Structure formats: structure tokens, C-alpha cells
Amino acid sequence: KLEELGAKVKVVANCSIANAEHYVNDARRLAADTSQLAQGVHLNQFENLANTKAHQGSTGPELIRQCAKLDAFVMSAGTGGTIAGVSRFYSSMKAIRGADEEEEDGKGTEFILADPQGSSLYQKVVNGVCYTPQQREQKQRKHRYDTIVEGVGLDRVTANFDQALIHSAESISDQEMVNMAHWILHKDGLFV
């Protein structure tokens, strides 16, 4: 637990980002509070490109070490940092290896976004349009689509997601995501 390491943890209610009590807004406010003895820092994981760079420098190389050949990388996006960093790492590896050393079928790793219903990132990848200004996430008072999936699917393009090199996208239902989470737990022992 973080508390065992000396951290002070504040538990907040789950709510829309338009709500002042949303964890991102609360973190931003706490970091700006100069009345605290110790100053805080709002890392802004959605817009801070250190997120993408961390995955480009660690997660991508780890996958290369563990998988001799990776045909496809399929994931959902919250901040977009993981899919952006890994796709950029693989793209740079393809450029380093050159066309002569690509897989026999001539294809490299395909990056696919699995986007939950209610998110607009699928539309961004498939049609190049994510939202209109009136649909900005910060302006929403409640979600337009009720979903049980947390942490992924947005109505805006983050600075990190904007760095991703994604080939295609699939719109995925809550049930499909739950089924896959159970399959991964059963087959691979990973609680995701």
C-alpha cells in the first residue's frame, strides 16, 4: 500500500471530469495549493509526453525481448501513453531494421485500438474526426453512454494519444471487454 511507504492517499468519488471533485481536477488543485508545507506536482498523465516516452523506452523494448515476433498489439487507450510509446518504439525498430529484414509476409506489427462504446477515439482512428468542440469531455455533465469500463475511452485526443501510430480500430462492447479480462485471467493469470 502507498500509505505504508509514507504517502497520504485521498480517496475521491467517481464522477465526470466536468465535476470539480474529479480526481484530475482535485490533483491539479492540490498541486497548486501553496498553503501546504510540501509543494505538490500535478503530473498530468494525459498531456505529459513523458508518459509516451516512458513506454517507448521501457514497454516497447520489453516486448521485443519477450516476443520474437509480434503480429499485432491490441489495446484500449486512456491517456494514450502506452499505445503511443509502444507503437513509436516498433516504428523506430522497423526503420532501423529496414525493409530487407521485415517479416516474410512484408508486414510489421499492426497496432489496433480496442475502443469501448461511448468513446470517440474509434472515430478518430477510422474517420479522422474525434469530436466537435461542444462534445469536449471537460464540458460533459454526464456520460452519454453508460459503461462499466473504467480508465479507457475518451471524447478527446490527448497529447499522448496524438503520438500513437495506430493502423486500425475496433469498437468493443463492455461484455467483450469483460470476457477478454476473464480469459486473460484464466489463460495467463493476469488480473487486468
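By convention here, each chain's residues receive numbers from 1 onward along its written sequence. It should be noted that, the model being predicted, local features are given only for residues of pLDDT at least 70 and side-chain atom pairs only at 80 or more, the latter also being counted only at that level, while totals for whole chains, interfaces and linings use all residues. Just so you know, side-chain values use all the structure's heavy atoms and leave hydrogens and water out.

Draft legend 1. Layout of the sheet that holds strand β3 (residues 168-172). Strand pairing requires that DSSP identify at least two bridges connecting the strands. Helix and strand definitions follow DSSP, with helices as H or I runs of at least four residues and strands as E runs of at least two, each counted in order from the N terminus. The strand order β1-β2-β3 describes an open sheet built from three strands, whose pairing is parallel. Both outer strands of the open sheet, β1 (72-75) and β3, are each paired with one neighbouring strand and no more. Ignoring which end each strand starts from, the neighbouring axes of this sheet average 20 degrees apart. Of the strand pairs in this sheet, β1 and strand β2 (residues 110-116) are connected by four bridges, and their pairing is parallel. Of the residues in β2, the one forming a bridge with Ala-72 is Glu-110. Packed onto the sheet, helix α5 (residues 174-188) meets β2 and β3 and runs at close to 100 degrees relative to β3. A fitted line through C-alpha atoms represents every axis, and for helices the fit uses only the stretch in contact; the resulting angles, taken between N-to-C directions, go from 0 to 180 degrees. Any two residues having at least one pair of non-hydrogen atoms within 4.5 Å are treated as being in contact.

Draft legend 2. View of a nonpolar patch on the surface. For patch detection, residues must exceed 30% relative accessible area and be free of salt bridges, and they are connected within 9 Å for like charges or within 5 Å for nonpolar side chains (Val, Leu, Ile, Met, Phe, Trp, Tyr). Here the Shrake-Rupley method, with its probe set to 1.4 Å, supplies the accessible areas, and only the displayed protein chains count as covering residues. Between Lys or Arg on one side and Asp or Glu on the other, a salt bridge is scored when a side-chain nitrogen of the former is within 4 Å of a carboxyl oxygen of the latter. A grouping of Leu-2, Leu-5, Val-9 and Val-11 is seen on the molecular surface, where their side chains present a nonpolar patch of about 460 Å² in accessible area. Relative to the assigned elements, Leu-5 resides in the segment before α1 (23-32).

Draft legend 3. Representation of the pattern of salt bridges within the structure. One pass over the structure, following the stated rule, counts five salt bridges. Where Glu-21 meets Arg-29, a salt bridge forms, and the shortest distance between an N and an O atom there is 3.9 Å. Under the relative-accessibility criterion, Glu-21 is labelled partly exposed at 47%. Taking the shortest distance from any N to any O, the salt bridge between Lys-69 and Asp-71 comes out at 2.7 Å. Note on classification: 1.4 Å probe, protein chains only; a residue is buried when its accessible area is under 20% of the maximum for its type, exposed when over 50%, partly exposed between these limits. Among the residues examined, Lys-69 registers a relative accessible area of 45% and is labelled partly exposed. Here Asp-71 falls in the exposed class, since its relative accessible area comes to 51%.

Draft legend 4. Summary view of the nonpolar core. Phe-73, Ile-83, Tyr-90, Leu-113, Leu-121 and Phe-161 are the most contacted members of the largest nonpolar core, which has 21 residues in total. Elements with a minimum of two residues in this core: α3 (81-97) and β2. It is α3 that contributes the most residues to this core, five residues altogether. Look past the residues within four positions of Leu-113 in its chain and what remains in contact with it is Met-75, Ser-76, Ala-77, Ile-83, Leu-121, Tyr-122, Val-125, Phe-161, Ile-166, Ser-168, Ala-169 and Glu-170. In these notes, a set of buried Ala, Val, Leu, Ile, Met, Phe, Trp, Tyr and Cys residues joined through side-chain atoms within 4.5 Å is what counts as a nonpolar core.

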